[in-house]
Amino acid sequence: MSADTDTAHPAAVVPARRTAAPWILMYHSVTEFTDPAEDPYGITVTPAALEAQLLWLRARRLRGVSVGELLRARAAGRGRRLVGLTFDDGYTDFLTSALPLLRRHDCTATLFVLPGRLGVDNVWDPLGPRKALLTAEGIREVAAAGIEIGSHGLLHQDLTAAPDDVLQQELRGSRDLLRELTGTLPEGFCHPYGHLDARVTAATRAAGYAYACGIAPGRLAGPHAMPRTHVSQADGAARLWIKQLRHRVADLRRVVLP
């Protein structure tokens, strides 16, 4: 297993700690459903809901982009109107449902995939419906469409509970596999379940990732533990505005920490 720690895009510099954190939205699956029991983990939005949310961003003169693009723009001083769009797990419905809407609204995104679970399903979600994951060819098709591919590990494991050798396989092994699949080393990582600690964030940095996303990392927030806002089917204009406000307030609290 390669120990290569070169980053895919060295210019992707994450802003310094005392710079306001970027707003990054977290999605998973985009498909039609009618019964809330079909979505016990709250990870699914319909195409109509996603389109309404993208239109809300446009109405506020914001544009959704990949995390890599967002961070490079911010480093160059021109990212004020950009919002990060991320999709976790790598479901096949990203290719069939999400991608056409992103193209329609001139957006890009980061898709965090699991190269150790190609073409299978979300076995880690025991209560939810089975959702198919992209094959290797599907991931290459998404990458060819201009979507940033990031790693979500190999198997969707809680890395805080993983021994060191498994942690290295999940971080470095997944990165190497994605380079074989797409021809490019991924610069971004997404912590499964949003679970992270100081050991995991340090290992993520050492594995060569330029950045990593979590959910609510608290005092660990930084380049390799970036907070994100979960977006659900219920998030219309009012709820999105409240979530944007909460992000700003939480960011202010993080900035003043010693």
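Rules and cut-offs
Per-chain numbering applies: the sequence of each chain, read as written, is numbered from 1 onward. Whole-chain, interface and lining totals are the exception, using all residues; otherwise, since this is a predicted model, local features are given only for residues with pLDDT of at least 70 and side-chain atom pairs are given and counted only at 80 or more. Based on all heavy atoms of the structure, the side-chain values leave hydrogens and waters out of the count. Angles run from 0 to 180 degrees between N-to-C directions of axes, and those axes are lines fitted to C-alpha atoms, restricted for helices to the stretch in contact. Secondary structure elements follow DSSP: runs of H or I of four or more residues count as helices, runs of E of two or more count as strands, with numbering from the N terminus. Here the angle decides the label: under 35 degrees means roughly parallel, over 145 means roughly antiparallel, 65 to 115 means roughly perpendicular, and every other value means oblique. What makes a crossing left-handed is the near helix being turned counterclockwise from the far one by less than a right angle; a clockwise turn instead makes it right-handed. In what follows, a contact means two residues having at least one pair of non-hydrogen atoms within 4.5 Å. Residue classes follow a fixed rule: Ala, Val, Leu, Ile, Met, Phe, Trp, Tyr, Cys and Pro count as nonpolar, while Asp, Glu, Lys and Arg count as charged, and any other residue, Gly among them, counts as polar. Buried, partly exposed and exposed residues are distinguished by accessible area as a fraction of the type maximum, computed with a 1.4 Å probe on protein chains only: under 20%, between the cut-offs, and over 50%, respectively. Polar contacts, as counted here, are pairs of nitrogen or oxygen atoms within 3.5 Å of one another; within protein the pair requires one atom able to donate a hydrogen and one able to accept it, and residues that are adjacent in sequence qualify only if both atoms are side-chain atoms. We define a salt bridge as a contact between a side-chain nitrogen of Lys or Arg and a carboxyl oxygen of Asp or Glu at a distance within 4 Å. Nonpolar core, defined: a set of buried Ala, Val, Leu, Ile, Met, Phe, Trp, Tyr and Cys residues in which side-chain atoms within 4.5 Å join the residues together. A pair of Phe, Tyr and Trp rings is counted when the ring centres sit within 6.5 Å of each other, with Trp represented by its six-membered ring. The angle between the planes then sorts it: under 30 degrees is stacked, over 60 is edge-to-face, the rest tilted.

**Observations regarding the packing of helix H5 (residues 164-182) against helix H6 (residues 198-206)**
Between H5 and H6, the shortest axis-to-axis distance is 10 Å and the interhelical angle comes to 45 degrees. As summarised for this structure, H5 and H6 are arranged oblique, according to the angle between their axes. Relative to H6, the crossing made by H5 is right-handed. Two secondary-structure elements touch here, H5 through Asp-164, Leu-167, Gln-168, Leu-171 and Arg-172 and H6 through Arg-199, Val-200, Ala-203, Thr-204 and Ala-206. Looking at the contact of H5 with H6 residue by residue, the classes come out as five nonpolar, two polar and three charged.

**Describing the side chain of Ser-29**
With respect to the helices, strands and loops of the structure, Ser-29 is situated in strand S2 (residues 29-30). With a relative accessible area of 1%, Ser-29 lands in the buried category. At 2.9 Å, the side chain of Ser-29 forms a polar contact with the side chain of Lys-131. Leave out the neighbours within four places in its chain, and Ser-29 touches Ile-43, Thr-44, Val-45, Tyr-91, Asp-93 and Lys-131.

**Section: the pattern of salt bridges**
Using the criterion set out here, one finds ten salt bridges in the structure. Its salt-bridge partner being Arg-104, residue Glu-51 comes within 2.9 Å of it at the nearest N-O pair. Of this pair, Glu-51 sits in helix H1 (residues 47-59) while Arg-104 sits in helix H3 (residues 92-104); the two residues are 53 residues apart in sequence, bridging distant segments of the chain. Across the salt bridge formed by Asp-121 and Arg-130, the nearest N and O atoms sit 3.8 Å from each other. Via salt bridges that share partners, Asp-235, Arg-239 and Lys-243 belong to a single interconnected network.

**Here we look at the side chain of Arg-228**
With respect to the helices and strands, the residue Arg-228 is situated in the loop between strand S9 (211-213) and strand S10 (229-230). A polar side-chain atom of Arg-228 sits 2.8 Å from the main-chain carbonyl oxygen of Gly-214. When neighbours within four sequence positions are excluded, Arg-228 is seen to be in contact with Ile-24, Met-26, Thr-86, Asp-88, Phe-112, Cys-190, Cys-213, Gly-214 and Ile-215.

**Remarks on the nonpolar core**
Counting 34 residues, the largest nonpolar core has Leu-57, Leu-85, Phe-87, Phe-94, Leu-102 and Leu-111 as the members making the most contacts within it. For this core, the secondary-structure elements that each account for two or more residues are strand S1 (24-27), H1, strand S5 (82-89), H3, strand S6 (110-113), helix H4 (136-144) and H5. Excluding anything up to four places from it in sequence, Phe-87 contacts Tyr-27, His-28, Val-30, Phe-94, Ala-98, Leu-102, Ala-109, Thr-110, Leu-111 and Phe-112. Of all hydrophobic cores here, the second largest spans 13 residues; its members include Ile-24, Ala-73, Cys-190 and Cys-213.

**A look at the packing of aromatic side chains**
For the coordinates displayed, the defined rule picks out four aromatic pairs. Arranged with centres 5.0 Å apart and planes meeting at 70 degrees, the rings of Phe-87 and Phe-94 form a pair that is edge-to-face. Residue class for Phe-94 comes out buried when judged on its relative accessible area of 1%. For the pair Phe-189 and Tyr-209, a centre-to-centre distance of 5.2 Å together with 50 degrees between the ring planes defines the contact as tilted.

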